[in-house]
Amino acid sequence: MTTLTLNLNPIIKLTDDQFFQLCQENENIRLERTAKGELIIMSPAGGETGSSNAGLTAQIWIWNQQHKLGKVFDSSTGFKLPNGANRAPDASWVKLETWNALTPEQQKKFPPICPDFVVELLSPSDSLKETQDKMKEYRDNGAVLGWLINRKSRQVEIYRPHQEVEMLESPATVSGEDVLPGFILNLESIW
């Protein structure tokens, strides 16, 4: 996935509603916005990455259907983080009480929250450093658990508040810990 950063700030500062409308009018383009207001334009994922991401999201969705503790979101869902950035993790989950505290209007647009749990699946063309920075941004904005899955190196970086990043080498599974109780991600289908 190739990314391009576009700084419109010298010309126009998009409001949240304008950014949402821009995304709706350009559904075939995946857009994010940094906390500084820069637009990040991302190309669609390739077949292997898309298939792995679908399997990842499916595993979380199946677990959530059994436990009904929150809402699961795929990579097409944007969130308005507390720092002002608009981000769309590859997979995410929000506690039901957090989701239900939003108004129906907030639920329809880009929810003004950081998901409790986020996953980024590193695409072959993604920058590791930029994706690690994004994971830190999620953590710093309220994510309780985050996974950065690097299929090429078969590594998983685990992000938790107030802790150093934990690195797992070629794990077969990874636990949702107490954030997603009982959830175990099978990585064999992701690698």
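Residues numbered from 1 in each chain as written. Predicted model: local features only at pLDDT ≥ 70, side-chain atom pairs only at ≥ 80, totals over all residues. Heavy atoms only, no water.

Right, let's get into the sheet that holds strand S7 (residues 91-95). On the basis of which strands lie adjacent, the open sheet formed by six strands has the order S4-S7-S8-S9-S10-S11 and mixed pairing. At either end of the open sheet lies a strand with only one pairing partner, and these are strand S4 (70-74) and strand S11 (166-169). Adjacent strand axes in the sheet meet at a mean angle of 15° when their direction is disregarded. Relative to S11, strand S10 (residues 155-159) runs antiparallel, the two sharing four bridges. Looking across to S11, one finds that Val156 is bridged to Leu168. Its contacts with the sheet put helix H2 (residues 47-67) on S4, S7, strand S8 (117-122) and strand S9 (145-150), and the angle it makes with S4 is roughly 170°. Of the strands in this sheet, S8, S9 and S10 touch helix H5 (residues 128-140), which is tilted by about 175° from S8. (Pairing = 2+ DSSP bridges. Helix = DSSP H or I, 4+ residues; strand = E, 2+ residues; numbered from the N terminus. Axes fitted to C-alpha atoms, helices over the stretch in contact; angles between N-to-C directions. Contact = heavy atoms within 4.5 Å.)

All right, on to H5 then. Here H5 spans 18 Å end to end across 13 residues, near enough to the 18 Å set by a 1.5 Å rise per residue. Burial in H5 covers these residues: Thr131, Gln132, Lys134, Met135, Glu137, Tyr138 and Arg139. For H5, the secondary structure elements touched by its buried residues are strand S2 (30-33), strand S6 (86-87), S8, S9 and S10. The N-cap of H5, judged by a side-chain oxygen 3.4 Å from the amide nitrogen of Lys129 a few residues on, is Ser127. Phi for Gly142, located one or two positions after H5, is positive at around 125°. (Expected span 1.5 Å × (residues − 1). Buried < 20%, exposed > 50% of the residue type's maximum accessible area, 1.4 Å probe, protein only. Polar contact = N/O pair within 3.5 Å; in protein donor to acceptor, adjacent residues only side chain to side chain.)

Take helix H1 (residues 16-25) next. Since there are 3.6 residues in each turn of an α-helix, residues three or four apart along the chain are aligned in direction. Those residues of H1 lying buried are Phe19, Phe20 and Cys23. For H1, the arc enclosing every buried residue in end-on projection is 100°, short of the 170-degree limit, so these residues lie on one face. For H1, the elements touching its buried residues are S2, strand S3 (39-42), S6 and helix H4 (104-108). (Arc of directions from axis to C-beta.)

You can see Leu122 is positioned in strand S8. Residue class for Leu122 comes out buried when judged on its relative accessible area of 10%. Taking the C-alpha atoms as reference points, Leu122 and Gln132, 10 residues apart in sequence, are found 9.7 Å from one another. Among residues more than four places away in sequence, those in contact with Leu122 are Ser127, Leu128, Thr131, Leu148, Ile149 and Asn150.

As a further point, take the pattern of salt bridges. Inspection of every chain in the model, using the stated rule, returns 13 salt bridges. For Arg33, the salt bridge goes to Asp16, with nearest N and O atoms at 2.8 Å. On the criterion of sequence distance, the pair formed by Arg33 in strand S2 and Asp16 in helix H1 is long-range, its members being 17 residues apart. Overall, the relative accessible area of 4% leaves Arg33 in the buried class. Via salt bridges that share partners, Glu32, Arg87, Glu120, Lys134 and Glu137 belong to a single interconnected network. (Salt bridge = Lys/Arg side-chain N within 4 Å of Asp/Glu carboxyl O.)

We now examine the nonpolar core. Formed by 22 residues in total, the largest nonpolar core has its most connected members in Phe117, Trp147 and Ile149. Of all elements in the fold, only H2, S7, S8, S9 and S10 reach the threshold of two or more residues within this core. Setting aside anything within four residues of it in sequence, one finds Ile149 in contact with Leu56, Val119, Glu120, Leu121, Leu122, Gln155, Val156, Leu185, Leu187, Ile190 and Trp191. Core analysis: the second largest hydrophobic core is formed by 16 residues, Leu81, Cys114, Val118 and Tyr138 among them. (Core = buried A, V, L, I, M, F, W, Y, C linked by side-chain atoms within 4.5 Å.)

With that settled, consider the packing of aromatic side chains. Tallying each qualifying case throughout the model produces eight aromatic pairs. Measuring from ring centre to ring centre gives 5.3 Å for Phe73 and Trp99, while their planes differ by 50°; the resulting arrangement is tilted. Pair noted here: Phe73 is in strand S4 and Trp99 is in helix H3 (residues 96-100), with a separation of 26 residues, a long-range link. Trp99 gets classed as buried once you look at its relative accessible area, which sits at 9%. Put simply, the rings of Trp63, Trp93, Phe117, Trp147 and Phe183 touch in pairs and so form one group of aromatic residues. (Phe/Tyr/Trp six-rings, centres within 6.5 Å; stacked < 30°, edge-to-face > 60°.)

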